[in-house]
Amino acid sequence: MSSADRRQAEILELLYMHEKCNVNDFVERFGVSRRTITSDIVVLTRKHNIRSKSGPHGGIEIDRDLKTDEVPYLTDFETSWLKRKYDEAEIEEDRIAAHSILRRFSL
């Protein structure tokens, strides 16, 4: 997995954890340029319900109201992470849940 893929996965995770983030937050966190983060956001908006707004009250956030006809699929990173969790699962219910998610959302 490339450093861009890892960074984008972490950006997505941070967006799900926080109400709103901004480009400067990510620039500081990852030590990359604004242009790099902006490119990452463009890539992520193609696959996920993310909206961004410029200005003093702007930011980047998960658009929980956005409806899309696109079928959601797991990224390569998400698939490999879930496979690891499946292998590490200590109880059968966790393995069944991981397997179900993999089967439903993996390409």
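Within each chain, residue numbers correspond to sequence positions counted from 1 in written order. The predicted nature of this model means local features are confined to residues of pLDDT at least 70 and side-chain atom pairs, given and counted, to a pLDDT of 80 or more, with totals for whole chains, interfaces and linings taken over all residues. Side-chain metrics in this entry use all non-hydrogen atoms of the structure; hydrogen atoms and water are not considered.

A. Fine view of the overall build of the chain. A run of DSSP states H or I qualifies as a helix once it reaches four residues; a run of E qualifies as a strand once it reaches two. Both are numbered from the N-terminal end. Along the backbone of the chain there are five helices and two strands. Ordering the α and β elements of the chain from the N terminus gives α-α-α-β-β-α-α. Across its three principal axes, the chain shows a C-alpha extent of roughly 50 × 30 × 20 Å. When burial is assessed residue by residue, the chain has 27% of its 107 residues classed as buried. In this description, contact between two residues means that some pair of their heavy atoms is separated by no more than 4.5 Å. Across the chain, the fraction of contacts at a sequence separation of at least 24, relative to all contacts at a separation of at least 6, is 49%. Note on areas: Shrake-Rupley, 1.4 Å probe, and residue coverage restricted to the protein chains presented here. When the accessible surface of the chain is summed, it comes to about 8000 Å², and 49% of that surface belongs to carbon and sulfur atoms. Burial here depends on accessible area, computed with a 1.4 Å probe over protein chains only, as a share of the maximum for the residue type. Under 20% is buried, over 50% is exposed, and the range in between is partly exposed.

B. Examining the confidence of the model for the chain more closely. For every residue, the pLDDT score states the predictor's confidence, bounded by 0 at the bottom and 100 at the top. Scored by pLDDT, the chain has a mean of 84; 92% of the residues are at 70 or more. Here helix 5 (residues 92-105) is the element of the chain with the lowest mean pLDDT, 83, and helix 2 (residues 23-30) is the one with the highest, 94.

C. Quick look at the pattern of salt bridges. The salt bridge criterion pairs a side-chain nitrogen of Lys or Arg with a carboxyl oxygen of Asp or Glu, the two atoms within 4 Å. For the coordinates displayed, the defined rule picks out six salt bridges. For Asp40, the salt bridge goes to Arg7, with nearest N and O atoms at 2.4 Å. Here Arg7 lies in helix 1 (residues 3-17) and Asp40 lies in helix 3 (residues 34-47), a separation of 33 residues in the sequence. Considered together, Asp40 and Arg7 belong to a single accessibility category, that of buried residues. For the salt bridge of Arg51 with Asp63, the shortest nitrogen-to-oxygen distance reads 3.6 Å.

D. Region of the structure containing the packing of helix 2 against helix 3. For helices, the fitted line uses only the C-alpha atoms of the stretch in contact; every axis is such a line through C-alpha atoms, and the angle between N-to-C directions lies from 0 to 180 degrees. At their nearest, the axes of helix 2 and helix 3 sit 9 Å apart, and the two run at 115° to each other. By the criterion of interaxial angle, the relationship of helix 2 to helix 3 is roughly perpendicular. In this structure, helix 2 meets helix 3 at a crossing whose hand is right-handed. Each of Val23, Asn24, Phe26, Val27 and Phe30 in helix 2 lies in contact with helix 3, whose residues at this interface are Arg34, Ile37 and Ile41. Classification used: nonpolar for Ala, Val, Leu, Ile, Met, Phe, Trp, Tyr, Cys and Pro, charged for Asp, Glu, Lys and Arg, polar for all others including Gly. Split by residue class, the contact of helix 2 with helix 3 holds six nonpolar, one polar and one charged. Orientation is classified from the angle alone, with under 35 degrees giving roughly parallel, over 145 giving roughly antiparallel, 65 to 115 giving roughly perpendicular, and any other angle giving oblique. We call a crossing left-handed when the near helix sits turned anticlockwise from the far one by less than a right angle, and right-handed when that turn is clockwise.

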